[in-house]
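Single-letter residue listing:
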Amino acid sequence: GQTILKSPQDLQVYIVNTNFTLSWNYTGNDTNVTFSAQYQLLGYLETNKAQWKELTGCQNVTGTECDFSSAITEYYDSHNVRIRAERREEVSPWSSVFEMTPYLLAQIGPPGIELQSTNGVIKIKISPPEANQVRKMWIADLSFKYNLVIWENSSNAEFRSQSIFPVDIIDDLAPETTYCLKVQATLPLDMKEGLFSPIHCVKTTHKVKDLLCATNVSVFALNMEFYLHWRNQYKQHVSYNVQYLIGHLKKLYNDYSSKWVNVPGCENITDTKCNFSSVIRGSSGFYYLRVEAMNEYNKSCFSNDVKVDPLVTNEIGPPGVKLDISDVLLHIQIFPPGGSESETMRNNYALSYRVIYWKNSMNNEEEVKMKEIKQTLGTVSDLTPSTLYCVKVQAFSEIYNKSSDFSKEECIKTPGDNILPLIILATFVIALIAVLLVAMPLVFALYQAYSKIKYVFFPSCQPPLNIEGFGEQHFSSPYMSATEELVENCCILESITTEEVNQTDSKDYKHCKQSSRDSGNYSNDDDTSGSKACEEKLEKEIV
């Protein structure tokens, strides 16, 4: 008949900075029940190896919540928490386990605030949420950003929100008016928003208008050249000092009023503008500028601060353009804004270029075409011969959502149509080749015929003198046979012995003479030797 105690339910852990609170529900009707909790530090250990320990601050608790801030010291490790009900010797089963990682579950506490009303403005000084605490959940105080909500203390108040620095000035306030405000700390990188501070109220004073102060302070920047402009409303002699402050100093919780530095070249000037490009070091970080006005009695007055974020404040100027043209392409060379020496413009803005081009003709309906390129060299094809093309280029940065004005229009005319001259040239070359192919064999054949005729009718060599005129026959060519002439074979014999001898002599003489004629067609030397042989033979036979 013994009653079994019920387990606590709906465990919750609330963490603000380093303050831990455990709460639960208990539905049992038992009286004189207390509650005790345990925790388990997991860390790198497995759940079944980690030991359960008593949760300090949550032992024998009579209510349904307890503070165990002193028990937890490892804010980035996982923990398990459980609780049970107890009554003398009786205990309930353990509740379901609540798992938590303190840093992820924790909320940022409210910051501290100090206010001072002076000369129509409110000076505010903020202290971080865990100021003057030894144990901290949020280690980097400089990572905090602060949101301010301010409103007039009236029935129809309008709330105004703005970001502020730990040491800042709230201006644009109505004089002699009570304002209430609260401040919240945030960690943007961790996507955490803290609790608002308690509401503070303060009454503004009347602002003394000083004509000595510079007004309408503004910044003009083009292609990383920075100028500060302001207006002078003081009628007497006045000189100015332009001062700047490195932006990160405003993130500190200390007073930065002594950290302002004069801009070189803008000290004790009477002009109402100043080139402060020399103090902009690179593209990272931001700056604040102000103008100190001084009269002839050494009285000074400071203007309002102006924030300068170089890459955001700066404006992009128009690029330079140079055109060149070939037979089929229009070449566009782009010079980045700021010139070749402006590395900041090229490296940080990741510039792209918007190229606009069109035919500059009398027809106003000609289509304007556009192309976007990332390089500084572009081309346009499909050009019309003997046409004037005009181009203008705009630089833009997608990262910073900035664009320049368009460059000055540049125009260039394409050359005339070169197709017809090319066709004429090609036709001439082809005809010349054809003529050469036909003429060369004909010329070769004529040359060969001429050579043969010349060789036959006009030989270059002459027959020997001993042959020339022999028998009154002209040997003009070795290839033409001589006309057979009737020659009387005569022979004078001084003495005839017998008829047989006469016949023999006559035959031999004829033979010798015929041999001499035949041999004359082949060799002059052979003819001479042959004639001599016949004569000797005849002489011997006659003898």
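Worth saying up front: this structure is predicted, and the values here are computed from it rather than measured.

## Some points on the overall build of the protein chain
Across its full length, the protein chain carries six helices and 32 strands. Taking the contacts inside the protein chain whose residues are at least 6 apart along the sequence as the reference set, 63% of them involve residues at least 24 apart. Surface exposure of the protein chain reaches about 34,700 Å², of which carbon and sulfur atoms provide 52%.

## Regarding the pattern of salt bridges
Applying the stated criterion across every chain, the model contains seven salt bridges. Here Glu315 and Lys402 are joined by a salt bridge, their closest N and O atoms 3.5 Å apart. Of this pair, Glu315 sits in the loop between α2 (310-313) and β25 (320-325) while Lys402 sits in strand β31 (residues 402-403); the two residues are 87 residues apart in sequence, bridging distant segments of the chain.

## Some words on the environment of Val33
With respect to the helices and strands, Val33 occurs in the loop between β2 (19-25) and β3 (34-41). When the C-alpha positions of Val33 and Glu86 are compared, they lie 5.6 Å apart, and in sequence the two are 53 residues distant. Dropping the residues within four chain positions of it, Val33 is found in contact with Leu5, Tyr26, Thr62, Ala85, Glu86 and Arg87.

## Brief notes about the state of the cysteines
Scanning the model with the defined rule gives five disulfides in all. Two residues share a disulfide in this structure: Cys213 and Cys301, whose sulfurs sit 1.3 Å from each other. The sign of the 55° torsion about the S-S bond sets the Cys213-Cys301 disulfide as right-handed. In this pair, Cys213 is assigned in the loop between β16 (200-203) and β17 (215-222) and Cys301 in strand β23 (residues 300-302), connecting sequence segments 88 residues apart. On the basis of relative accessibility, which here comes to 13%, the residue Cys213 falls in the buried class.

## Describing the confidence of the model for the protein chain
Confidence along the protein chain averages 83 in pLDDT terms, with 81% of residues attaining 70 or more. For the stretch residues 470-487, pLDDT sits under 50, and the model shows 13 contacts to residues farther than four places along the chain or on other chains. Confidence drops under pLDDT 50 across residues 493-535; counting only partners more than four residues distant or on other chains, this segment forms 28 contacts.

## Some thoughts on the sheet that holds β2
If you walk across this open sheet you meet the three strands as β1-β2-β5, and the pairing is antiparallel. The outermost strands of the open sheet, each flanked by one partner alone, are β1 (9-16) and β5 (65-67). Recorded for the sheet is a direction-independent mean angle of 15° between the axes of neighbouring strands. Bridging between β2 and β5 involves three bridges; their strand directions are antiparallel. Paired with Ser23 across the strands is Glu65, a residue of β5.

## Structural notes on the packing of aromatic side chains
Here the structure, examined in full by the defined rule, presents 14 aromatic pairs. With 6.1 Å between their ring centres and 20° between their planes, Phe20 and Tyr75 make a pair best called stacked. Within this pair, whereas Phe20 is found in strand β2, its partner Tyr75 is found in the loop between β5 and β6 (79-87), the two being separated by 55 residues in sequence. In this structure Phe20 comes out as buried when scored by relative accessible area, which is 0%. Taken together, a centroid distance of 5.7 Å and an interplanar angle of 75° make the contact between Phe286 and Tyr288 edge-to-face. Across this residue pair, the class does not change: Phe286 and Tyr288 are buried. Three or more aromatic residues joined by ring pairs make a cluster, and in this case those are Phe20, Phe68 and Tyr75. It is Lys192 that lies over the ring of Tyr103; its NZ or CZ is 6.0 Å from the centre. Sitting over the face of the ring of Trp260, Arg290 holds its NZ or CZ atom 4.2 Å from the ring centroid.

## What to know about the pairing of β17
Here β17 runs beside strand β18 (residues 225-231); their pairing, made up of six bridges, is antiparallel. Bridging across to β18, Ala221 finds its partner in Phe226. Linking β17 to β18, which pair antiparallel, is a turn of two residues; within it Asn223 sits at a positive phi near 55°.

## Structural notes on the sheet that holds β18
Judged by pairing direction, the sheet is antiparallel, and its three strands sit side by side in the order β17-β18-β21 without closing on themselves. Each of the sheet's edge strands pairs with one partner strand only, and the pair in question is β17 and β21 (273-275). For this sheet, the mean angle separating the axes of adjacent strands, direction not counted, is 15°.

About the cut-offs
Residues numbered from 1 in each chain as written. Predicted model: local features only at pLDDT ≥ 70, side-chain atom pairs only at ≥ 80, totals over all residues. Heavy atoms only, no water. Helix = DSSP H or I, 4+ residues; strand = E, 2+ residues; numbered from the N terminus. Contact = heavy atoms within 4.5 Å. Areas by Shrake-Rupley, 256 points an atom, 1.4 Å probe, with all protein chains shown as cover. Salt bridge = Lys/Arg side-chain N within 4 Å of Asp/Glu carboxyl O. Disulfide = S-S within 2.5 Å. Buried < 20%, exposed > 50% of the residue type's maximum accessible area, 1.4 Å probe, protein only. pLDDT = per-residue confidence, 0-100. Pairing = 2+ DSSP bridges. Axes fitted to C-alpha atoms, helices over the stretch in contact; angles between N-to-C directions. Phe/Tyr/Trp six-rings, centres within 6.5 Å; stacked < 30°, edge-to-face > 60°. Lys NZ or Arg CZ within 6 Å of the ring centre and 35° of its normal.

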